[in-house]
Amino acid sequence: MRPDGTRVKGLTPIVQALPYIMPKRFDAQNWASDYVDEEIIKQYIRQKRRQGQIVTHMSVLAAAYYKAALENPKVNYFVMNRKVYRRNHFCFSFVILKTRADGTPDETALKVFLEPGDDVFTISRKIREHVERNQNAAHNNRTDRFANLAFSIPGLARCVFGLAYHLDQHGLLPRWIIDLSPFHTSLFITNLASINTRFIFHHCYEFGTTSVFICMGKPVPDPAAPSGSRKKLLPLGVVMDERIATGIEYSRFFAAFERYLKQPELLEQRLGTECLVGK
């Protein structure tokens, strides 16, 4: 038993064998690109803002992913030390850009925990609250303070992160470290559209438990649109750990994910008290 997950029993022999055939997360990474109708999302965001609700691309994407994951919980599994675990919560990590006191750009990683009762509005609020608390120039969140402490003494960082990696492999990493680590997450999102950059396929980190990484790139023209149309698509670069779910399970998940992105109004519906880990 790990503090962040429970060992999955009753797996088929081939699924149990995959972590031995591909022991590292980078061994098991699959890449896929997708294109979302940017006009649908922009229209939805404008409509909600006219109604006094703040919704962003990030909150729509996170909400769509979360709702689809509740319906297809295996995408919230992770592999550690050749064993498959069912995560006992859902969270997503992302990086924000801020400016130091001397004007140089800097980054901070944040992690947001979600509940089955969340909808796109509560998710948007949680993102906004996390960003607002961490926008100042100082490294003031727990993750930053932990990293600063580790690098404060020469050689300490190597010992600290080496020990953390070893403890994590054996399920002994304390819950408080897992909670502050952005690498122990259900989903990692990067929004390169915010810096006007094309999407990339970002690797899933070997440290931690990240099983899926999604990158949003800057919108591109829709090649299927009529001549002269300004319609655009939002490109997504997805990297996933193939050991946590079969192809058909990933297929069902992404079908639900795309359905929510095409009909973002569905993200306003709460899923009640249905528990992700109970499925």
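Residues numbered from 1 in each chain as written. Predicted model: local features only at pLDDT ≥ 70, side-chain atom pairs only at ≥ 80, totals over all residues. Heavy atoms only, no water.

A. Seen up close, the nonpolar core. Within the largest apolar cluster, 53 residues are counted, with the highest numbers of intra-cluster contacts made by Tyr65, Phe92, Phe94, Ile214, Leu236 and Phe257. Of all the elements, helix H3 (residues 57–71) adds the most residues to this core, at 11 residues. Those residues in contact with Leu236, other than ones at most four positions away along the chain, are Ala32, Ser33, Asp34, Val36, Leu61, Phe199, Ile214, Cys215, Met216, Phe257 and Leu261. In this structure, Phe188, Cys204, Phe213 and Val239 belong to the second largest nonpolar core, which totals 5 residues. (Core = buried A, V, L, I, M, F, W, Y, C linked by side-chain atoms within 4.5 Å. Buried < 20%, exposed > 50% of the residue type's maximum accessible area, 1.4 Å probe, protein only. Helix = DSSP H or I, 4+ residues; strand = E, 2+ residues; numbered from the N terminus. Contact = heavy atoms within 4.5 Å.)

B. Local environment of the environment of Lys218. Counting through the fold element by element, Lys218 comes out in the loop between strand S8 (212–216) and strand S9 (220–221). The exposure class assigned to Lys218 is partly exposed, which follows from its relative accessible area of 30%. Separated by 20 residues in sequence, Lys218 and Arg198 place their C-alpha atoms 5.3 Å apart. Those residues in contact with Lys218 that lie beyond four places of it in its chain are Ala193, Asn196, Thr197, Arg198 and Pro235.

C. Helix H6 (residues 156–169), seen in detail. Under the 1.5 Å per step criterion, the end-to-end length of H6 is 20 Å for 14 residues, consistent within 8% with the ideal 20 Å. Along H6, the residues classified as buried are Ala157, Ala164, Asp168 and Gln169. End-on view of H6: buried residues confined to an arc of 135 degrees, all on one side of the axis. Exposed side of H6, more than 90 degrees from the buried face: Arg158 and Cys159 are the residues found there. Gly171 lies just past H6 and shows a positive phi near 70 degrees. (Expected span 1.5 Å × (residues − 1). Arc of directions from axis to C-beta.)

D. Inspection of unusual backbone geometry at higher detail. In the Ramachandran plot, Asn81 falls in the positive-phi region, its phi being about 55 degrees despite a non-glycine side chain. Here Asn81 is to be found in the loop between strand S3 (77–80) and strand S4 (83–87). Overall, Asn81 belongs to the partly exposed group, its relative accessible area being 25%. The phi dihedral of Asn196 falls on the positive side, at around 60 degrees, and the residue is not glycine.

E. Up close: the packing of aromatic side chains. For the coordinates displayed, the defined rule picks out 18 aromatic pairs. Centroid distance Phe183 to Phe207: 6.0 Å. Interplanar angle 75 degrees. Geometry classified as edge-to-face. Here Phe183 is found in the loop between helix H7 (175–180) and strand S7 (187–191), whereas its partner Phe207 is found in the loop between S7 and S8, with 24 residues between them in sequence. Residue Phe183 is classed as partly exposed on the basis of its relative accessible area, which comes to 27%. Its relative accessible area of 22% is what places Phe207 among the partly exposed residues. On the numbers, 6.3 Å between centres and 25 degrees between planes, the contact of Tyr250 with Phe254 is stacked. Here the residue Tyr250 and the residue Phe254 both occupy positions in helix H8 (residues 247–262), the gap between them amounting to 4 residues, near one helical turn. Judged on exposure class, the residue Tyr250 and its partner Phe254 are both buried. By way of ring pairs, the aromatic residues Tyr65, Tyr66, Phe90, Tyr250, Phe253, Phe254 and Phe257 are connected into one cluster. (Phe/Tyr/Trp six-rings, centres within 6.5 Å; stacked < 30°, edge-to-face > 60°.)

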